[in-house]
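Here are the chains, one letter per residue:
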Amino acid sequence: MKKTTFLCLAAVIASLSWAADPGKTPVNVPQSSRDRQFQITPREPAVGKEIASTRSYFGAPPPVPHTIQSDRGSDWCLGCHAKENRVRFKHKAIAPTPHAEYTQCMQCHVKRDDGITPWRENTFVGLDFPGKGSRAHDYSPPTVPHKTFMRENCSSCHGPKGEHAIRTPHPYRSQCQQCHVAELSQDYTRPQLD
Amino acid sequence: MIQQNRRAFLKQAAMAAAAGALSGTLPANFNGLAEGADQLIWAKAPCRFCGTGCGVMVGVKDGKVVAVQGDLENPVNRGLLCAKGYHVGSALYGSDRLTQPMVRKNGALQPVSWDEAIDTVARFVMKHSAEFGVYGSGQWTITEGYTAMKFLKGGCSSNHLDPNARLCMASAVVGMITTYGVDEPAGSYDDFDECDTVVLWGNNPAEMHPVLWSRIVDRRSKGDKIEIFDLATRRTRSTEAADHYIEFTPQGDLAIANGICRYLVQSGKGRYDRDWIEKNCVFREGEDGAGKPMSFDDYAAWLETYTPEYVEKVAGVPPHQLERLASTFADPKRKVLSLWCMGMNQHTRGTWINNLVYNVHFLSGKFGKPGSTAFSLTGQPSACGTCREVGTLAHALPGGRLAANEVHRSHVETAWNLPSGRLNPKPGFHAVAMFDGLQSGTLKGAWVQVTNPAQSMPNLHKLTDKLKERFLVVSDIYPTVTTDAATVVLPSACWVEKNGLFGNSERRTQQWFKMVEPPGDARDDVWQMIAVAHRMYELGFAGMKDKDGKFLFSIKDASGKEIEAWKWDVFRKHNVDKALFEEYRPLTHLKQKNVAPYDELVKTRGMRWPVTEQSDGTWKETSRRFVRGEDPFASPDREIDFYWGKVEKGKATIWARPYQAPPEVPDEKYPFWLTTGRVLEHWHTGTMTRRVPQLNAAMPKAYVEMHPFDARKLNISTDDKVRISSRRGAIELPAWINGRSLPQKGLVFVPFFEETALINQVTLHEFCPLSKEPDYKKCAVKIEKV
């Protein structure tokens with residue numbers, strides 16, 4: 001009973017806020033999407049930003065920022081990080097893995113421990129994050145300013161878990177690449193046509 | 001559009017800059033050059049780390065590596081890397097990179113000029129050329145190993161040249177040679193894509209060959225069913241993805257393999273592939289490499305010792321588990337891939353256990369067929385390409401030749417334009433013998449390149465305590481425990497700071513171009529040796545002359561003109577790698593290990609030998625050796641042709657090799673087995689990976705792992721300080737209980753990456769008599785809480 005009331009309330013509030021922005025009127029928002037409080041207004045940086053900055057360079061696998069159940073195997077990871085299996089934890093969503101077909105998570109994602117001082121200093125400066133994708137004009141969908149290999153699930157970074165600045169304003173749309181095309185120059189593996 | 005023009009401009013500018021900065025080593029339009037809006041130059045290279053040989057795309061900006069990605073076009077890894085691979089670029093940038101040559105004067109290392117360093121080394125080698133060793137590495141590039149061969153064997157008539165691969169792959173090598181007459185795996189990674197059953201024989205690929213492990217295990221994501229048997233002495237990350245964990249007592253692998261063979265040949269049951277055996281195998285018994293003939297019936301009778309009860313007694317494996325594994329081999333429909341690495345090779349009967357695993361695959365007919373093969377995994381990135389193919393071993397010459405063989409020596413003397421009799425027929429010191437020689441003073445000095453023996457040799461007190469008293473030349477990139485003992489330290493270029501070639505586990509030779517400058521005054525190992533050789537030539541050392549009195553190393557540029565490669569400013573302007581590789585290449589033809597031409601390697605993501613030229617001028621690689629239709633040298637009259645078969649041409653040997661207990665077993669005083677090994681995050685002695693902050697933070701310290709029941713009895717919990725001691729030495733480490741691996745009761749595991757926890761002070765140096773490879777996996781220790 002309580003849950004239904006809440007759902008109705010959420011739906012009403014959601015529709016009100018969307019109605020206020022004419023460019024964002026949804027037509028058939030799935031029920032499951034209404035359950036989630038997609039916040040379009042700015043809020044403080046999500047944990048995602050911290051995680052992103054622990055990468056050695058843009059494109060490196062981020063180390064795991066939390067303790068893990070067992071150092072032995074990667075079976076536990078998908079319990080929280082499987083695609084479309086987002087779990088609420090302290091009002092934050094958990095990023096699904098962008099590459100679920102790779103099952104040996106800990107092969108690339110090692111433990112992170114900010115308390116460990118480096119054994120020797122290292123002067124490596126890694127590739128920084130790309131800037132924004134280019135837009136043909138205002139309101140047109142920006143291009144994808146990074147390669148898409150291993151990033152097949154866009155909502156991993158751009159969904160509710162992601163850093164605020166890159167969080168999608170329309171997470172209920174699932175076919176991202178229909179509008180957001182890749183930039184050839186970012187994808188070194190594709191033939192460069194000139 | 002402005003963006004388009006800007007991009008084109010940047011691309012041109014980058015290429016021009018690259019060409020200028022790198023002195024012409026990168027041709028204008030080499031494969032992989034793609035410059036994005038981020039102004040990075042991307043180029044291919046095989047990874048610096050393990051024997052998988054993943055393809056890496058290296059992103060360079062302003063003369064530094066800033067990013068690394070998996071190379072989607074490389075069939076080895078198809079874009080995936082592992083934690084070490086993703087951080088391989090960072091490994092170049094530790095702030096204590098060696099940048100200046102140093103010579104020890106009055107006990108301390110002092111910076112000197114390159115001229116002084118080269119002169120110092122040259123004079124010593126000239127004076128003591130017969131008592132000087134070269135200790136090389138499976139991380140040597142192909143041309144570095146080749147240069148060392150020419151330097152010591154061709155220039156000094158000495159065979160005291162051996163690599164650290166002796167400690168790693170020697171048993172696999174001698175196993176293959178005694179089994180089918182020639183080195184290196186017959187199968188390839190293609191078999192990983194086809195198998196439906198995998199048997200791990202005492203290895204942990206989830207941490208040691210992660211991308212190959214993923215290649216198999218991630219097939220399950222696509223619906224493939226793969227049954228995995230993990231035969232091990234402890235539970236590891238590989239066990240987590242396995243269906244069966246078969247725990248065995250150390251050294252019990254010999255009994256298990258024979259137990260499976262017995263199951264297969266038991267008369268009347270017809271579980272072995274009789275037809276295949278009769279066509280393709282002969283039987284032999286004996287302890288050495290020659291043995292004596294054996295009939296099949298005698299072999300079947302010999303196997304009767306290895307009943308399930310005997311296997312259980314010796315190896316601790318219950319009969320139902322042995323039967324489960326054996327019946328899988330007996331199933332003709334199964335495609336079985338066996339994988340192994342150090343568990344079988346670092347073994348006092350390493351050659352035997354390698355022979356026995358081939359027996360299992362031959363008897364069950366699971367060899368030379370898609371998905372069915374016995375595949376020896378190589379640990380280092382170029383133990384195959386350099387040590388084994390170039391022959392950087394105390395008894396070998398390039399291309400699978402033997403120093404003791406007069407015909408082989410004459411081939412190489414001709415190729416190197418040496419006077420007849422220059423090459424020494426007497427095999428030199430293998431690794432353990434070399435360090436034994438340095439310890440006793442029989443050898444007065446050695447040149448160590450690309451490896452860290454003062455941490456990685458076994459029984460360190462016995463083999464390395466006196467290194468400081470010898471003339472030790474060390475070429476390395478960081479200070480290590482070995483440079484601590486050095487007389488001369490030569491700062492070296494690493495990975496993409498030089499041109500290079502590696503050969504991986506599946507016989508794939510891969511090439512890369514120099515992409516960034518080495519730091520400070522660090523220089524290529526190849527240059528270092530040529531420079532010393534030339535200084536010796538200048539000082540009148542006869543060995544550094546060929547038979548016409550000219551300098552031993554004759555390097556020509558692209559137009560065919562000789563260049564003074566011993567001068568650094570000349571060396572770095574030319575692709576000396578290509579010149580040396582092309583000189584080496586014809587030597588690979590004797591045993592049909594034909595490597596691809598350098599230019600083909602530039603264009604491709606490597607090629608698996610034998611590589612042969614087709615009628616249309618293209619070059620074709622080989623996936624499976626010996627198999628009709630795939631191997632160009634296999635006879636068309638046979639399904640499989642072991643054309644180097646020693647006993648009978650075309651046939652491989654099934655060896656009756658018995659179980660034999662290891663030299664040291666736990667007893668009352670030292671009640672635990674000690675097994676050593678690696679972990680995912682660190683490569684070998686950690687000199688590169690511990691300097692990567694992300695990898696160091698993930699695994700900062702070495703530890704000792706034991707079974708929780710054992711820990712409880714000793715009142716040890718995680719983080720407690722523990723003293724681990726053997727008859728040879730003792731160290732202290734923190735304990736880690738219920739951590740990454742779960743050792744069997746009575747066994748402890750310690751990784752060897754930390755230079756302040758030298759576990760090799762505790763290990764023994766006993767080695768397989770046939771391969772000379774020491775056993776790092778079993779000795780007896782006692783454990784005490786400190």
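Everything numeric here is computed off the predicted structure, so don't read it as measured data.

Conventions and cut-offs
Residues numbered from 1 in each chain as written. Chains lettered and ligands numbered in written order. Predicted model: local features only at pLDDT ≥ 70, side-chain atom pairs only at ≥ 80, totals over all residues. Helix = DSSP H or I, 4+ residues; strand = E, 2+ residues; numbered from the N terminus. Buried ≥ 20, exposed ≤ 12 C-beta atoms within 10 Å, placed from the backbone. Contact = placed C-beta atoms within 7 Å. Rg over C-alpha atoms; globule rule 2.2 N^0.38 Å. Pairing = 2+ DSSP bridges. pLDDT = per-residue confidence, 0-100. Expected span 1.5 Å × (residues − 1). Domains from an automatic or database assignment. Core = buried A, V, L, I, M, F, W, Y, C linked by C-beta atoms within 7 Å. Nonpolar A, V, L, I, M, F, W, Y, C, P; charged D, E, K, R; others polar. Arc of directions from axis to C-beta. Axes fitted to C-alpha atoms, helices over the stretch in contact; angles between N-to-C directions. Parallel < 35°, antiparallel > 145°, perpendicular 65-115°, else oblique. Left-handed = near helix turned anticlockwise from the far one by under 90°.

Thoughts on the overall build of chain A
And then number 1: Summing up its helical and strand segments, chain A has 5 helices and 0 strands in all.
And then number 2: For chain A, the succession of helices and strands along the chain, N to C, is α-α-α-α-α.
And then number 3: Here chain A holds 194 residues, and the buried ones make up 21% of them.
And then number 4: Within chain A, contacts between residues separated by at least 24 positions form 63% of all contacts whose residues are at least 6 apart in sequence.

What about the overall build of chain B?
And then number 1: When helices and strands are tallied, chain B shows 27 helices and 36 strands.
And then number 2: A globule of 786 residues ought to have a C-alpha radius of gyration of about 28 Å, and chain B, at 26 Å, matches this closely.
And then number 3: C-alpha atoms of chain B, sized along the principal axes, occupy 70 × 70 × 65 Å.
And then number 4: Counting every position in chain B, which comprises 786 residues, the buried fraction comes to 63%.
And then number 5: Put simply, of all contacts in chain B between residues at least 6 apart along the chain, 70% involve residues at least 24 apart.

Description of the pairing of strand S10 (residues 227-232) of chain B
All names here are of chain B.
And then number 1: Along S10, 5 of the 6 residues are buried, which leaves the element largely enclosed by surrounding structure.
And then number 2: Sheet analysis places strand S9 (residues 197-201) next to S10, joined by 5 bridges and oriented parallel. The residue of S10 that forms the bridge with Val198 is Ile228.
And then number 3: For S10 and strand S12 (residues 244-247), the ladder comprises 4 bridges, and the chain directions are parallel. Opposite Ala232, over in S12, you have Glu247 as the bridge partner.

Points about the environment of B:Tyr584
Residue and element names in this part refer to chain B.
And then number 1: Among the structural elements, Tyr584 can be located in helix H24 (residues 576-584).
And then number 2: When the 24 C-beta atoms within 10 Å are taken as the criterion, Tyr584 is described as buried.
And then number 3: With 540 residues separating them in the primary sequence, Tyr584 and Lys44 have C-alpha atoms 23 Å apart.

Quick notes on the confidence of the model for chain A
Residues and elements named next belong to chain A.
And then number 1: Averaged over all residues, the pLDDT of chain A is 69; the fraction at 70 or higher stands at 60%.
And then number 2: Ranking the elements of chain A by mean pLDDT puts helix H2 (residues 31-35) last with 37 and helix H5 (residues 155-158) first with 84.
And then number 3: Counted against residues more than four places away or in other chains, residues 6-49, with its pLDDT under 50, gives 32 contacts.

Some remarks on helix H4 (residues 142-155) of chain B
All names here are of chain B.
And then number 1: For H4, with 14 residues, the first-to-last C-alpha span of 18 Å sits near the 20 Å given by 1.5 Å per residue.
And then number 2: Of all 14 residues making up H4, 14 are buried, and the element is well covered by its neighbours.
And then number 3: Of the residues flanking the end of H4, it is Ser157, one or two places downstream, whose phi is positive at about 50°.

Some words on the domain arrangement of chain B
And then number 1: Here the domain parsing of chain B yields domain 1 (2-81), domain 2 (99-163 + 412-504 + 537-577), domain 3 (170-381 + 649-656), domain 4 (592-641) and domain 5 (672-763).
And then number 2: Distance from the C-alpha centre of domain 2 of chain B to the C-alpha centre of domain 4 of chain B: 33 Å.

Details of the nonpolar core
And then number 1: If you look at the biggest cluster of nonpolar residues, it comprises 265 residues, and the most contacted ones within it are B:Val58, B:Ile724 and B:Val748.
And then number 2: If we ignore the near neighbours within four places in the chain, the residues touching B:Val58 are B:Trp42, B:Ala43, B:Ala45, B:Val65, B:Val68, B:Gly89, B:Val496 and B:Met515.

Overview of the interface of chain B and chain A
And then number 1: Taken together, the 51 residues of chain B in the interface contact 40 residues of chain A.
And then number 2: Elements with a minimum of two residues in the side of chain B that touches chain A: helix H1 (2-21), strand S3 (55-61), strand S4 (64-70), helix H2 (83-86), helix H8 (210-217), helix H9 (237-240) and helix H26 (693-698) of chain B.
And then number 3: Sorting elements by how many residues they give to the side of chain B that touches chain A places H26(B) first, with 6 residues.
And then number 4: Class assignment of the residues belonging to the side of chain B that touches chain A gives a composition of 26 nonpolar, 14 polar and 11 charged.

Considering helix H3 (residues 114-127) of chain B
Residue and element names in this part refer to chain B.
And then number 1: Taking 1.5 Å of rise per residue, the 14 residues of H3 would be expected to cover 20 Å, and the 20 Å separating its terminal C-alpha atoms lies within 8% of that figure.
And then number 2: Among the residues of H3, those classed as buried are Ala117, Ile118, Val121, Ala122 and Val125. Seen along its axis, H3 keeps its buried residues to an arc of 125°; they face one direction.
And then number 3: Against strand S5 (102-105), strand S7 (132-136), strand S20 (471-476), strand S21 (488-491) and helix H22 (525-538) lie the buried residues of H3.

Let's talk about the sheet that holds strand S29 (residues 652-656) of chain B
Residue and element names in this part refer to chain B.
And then number 1: Spatially, S14-S13-S29 is the arrangement adopted by the 3 strands of the open sheet, whose pairing is mixed. The open sheet has two edge strands, strand S14 (292-294) and S29, and neither has a second partner. When strand polarity is set aside, the average angle formed by the axes of neighbouring strands in this sheet is 45°.
And then number 2: Where strand S13 (residues 281-285) and S14 come together, 3 bridges link them in antiparallel fashion. Directly across from Glu285, in S14, lies its bridge partner Lys292.

Description of the sheet that holds strand S31 (residues 704-706) of chain B
All names here are of chain B.
And then number 1: Overall, mixed pairing links the 6 strands, which are arranged S30-S35-S31-S33-S32-S36 in a closed barrel. The average undirected angle you get between the axes of adjacent strands in this sheet is 45°.
And then number 2: Direction of pairing for strand S30 (residues 672-677) relative to strand S36 (residues 780-785): antiparallel, over a ladder of 2 bridges. From the neighbouring strand, Trp673 faces S36, where its bridge partner is Ala780.

Let's talk about the packing of H4(B) against H22(B)
Residues and elements named next belong to chain B.
And then number 1: Viewed as axis vectors pointing N to C, H4 and H22 meet at an angle of 20°, and their least axial separation amounts to 8 Å. Our classification of the angle between H4 and H22 gives roughly parallel. The two elements H4 and H22 meet at a crossing, and its hand is left-handed. Contact residues: Thr143, Glu144, Thr147, Ala148, Phe151 and Gly155 in H4; Asp525, Val526, Met529, Ile530 and Ala533 in H22.
And then number 2: Among the residues forming the contact of H4 with H22, the class breakdown is 6 nonpolar, 3 polar and 2 charged.

A few points about unusual backbone geometry
Excluding glycine, residues mostly carry a negative phi; peptide bonds, for their part, are mostly trans.
Residues and elements named next belong to chain B.
And then number 1: Cis geometry marks the peptide bond from Trp609 to Pro610; its omega dihedral reads 0°.
And then number 2: The phi dihedral of His684 is positive, around 50°, even though this residue is not glycine.
And then number 3: Of note, His684 is situated in the loop between S30 and H26.
And then number 4: When the 23 C-beta atoms within 10 Å are taken as the criterion, His684 is described as buried.
And then number 5: Positive phi, close to 55°, is recorded for Asn738, a residue that is not glycine.
And then number 6: By the element assignment, Asn738 lies in the loop between strand S33 (730-737) and strand S34 (742-743).

Comments concerning the pairing of S30(B)
All names here are of chain B.
And then number 1: Taking burial as the measure, the 6 residues of S30 include 6 buried ones, the bulk of the element.
And then number 2: Residue alternation in S30 divides its side chains into two sets, Phe672, Leu674 and Thr676 and Trp673, Thr675 and Gly677, and both sets are buried.
And then number 3: Note: S30 against strand S35 (residues 747-751), 5 bridges, orientation parallel. Paired with Gly677 across the two strands is Pro751, which belongs to S35.

Comments concerning the confidence of the model for chain B
All names here are of chain B.
And then number 1: In the predicted model, chain B carries a mean pLDDT of 94, and the fraction of residues at 70 or more is 95%.
And then number 2: The low-confidence segment residues 1-34, where pLDDT is below 50, has 39 contacts with residues more than four positions distant or belonging to other chains.
And then number 3: Model confidence for the complex is summarised by a pTM of 0.89, with the ipTM given as 0.76.

Side note on the packing of helix H10 (residues 253-265) of chain B against helix H13 (residues 308-315) of chain B
Residues and elements named next belong to chain B.
And then number 1: Where H10 meets H13, the closest approach of the two axes is 9 Å, and the angle between their N-to-C directions is 165°. Taken together, H10 and H13 sit at an angle that is classed as roughly antiparallel. For H10 against H13, the interelement crossing comes out left-handed. Two secondary-structure elements touch here, H10 through Ala255, Ile256 and Gly259 and H13 through Pro308, Tyr310, Val311, Val314 and Ala315.
And then number 2: Along the lines of polarity and charge, the residues of the contact of H10 with H13 split into 7 nonpolar, 1 polar and no charged.

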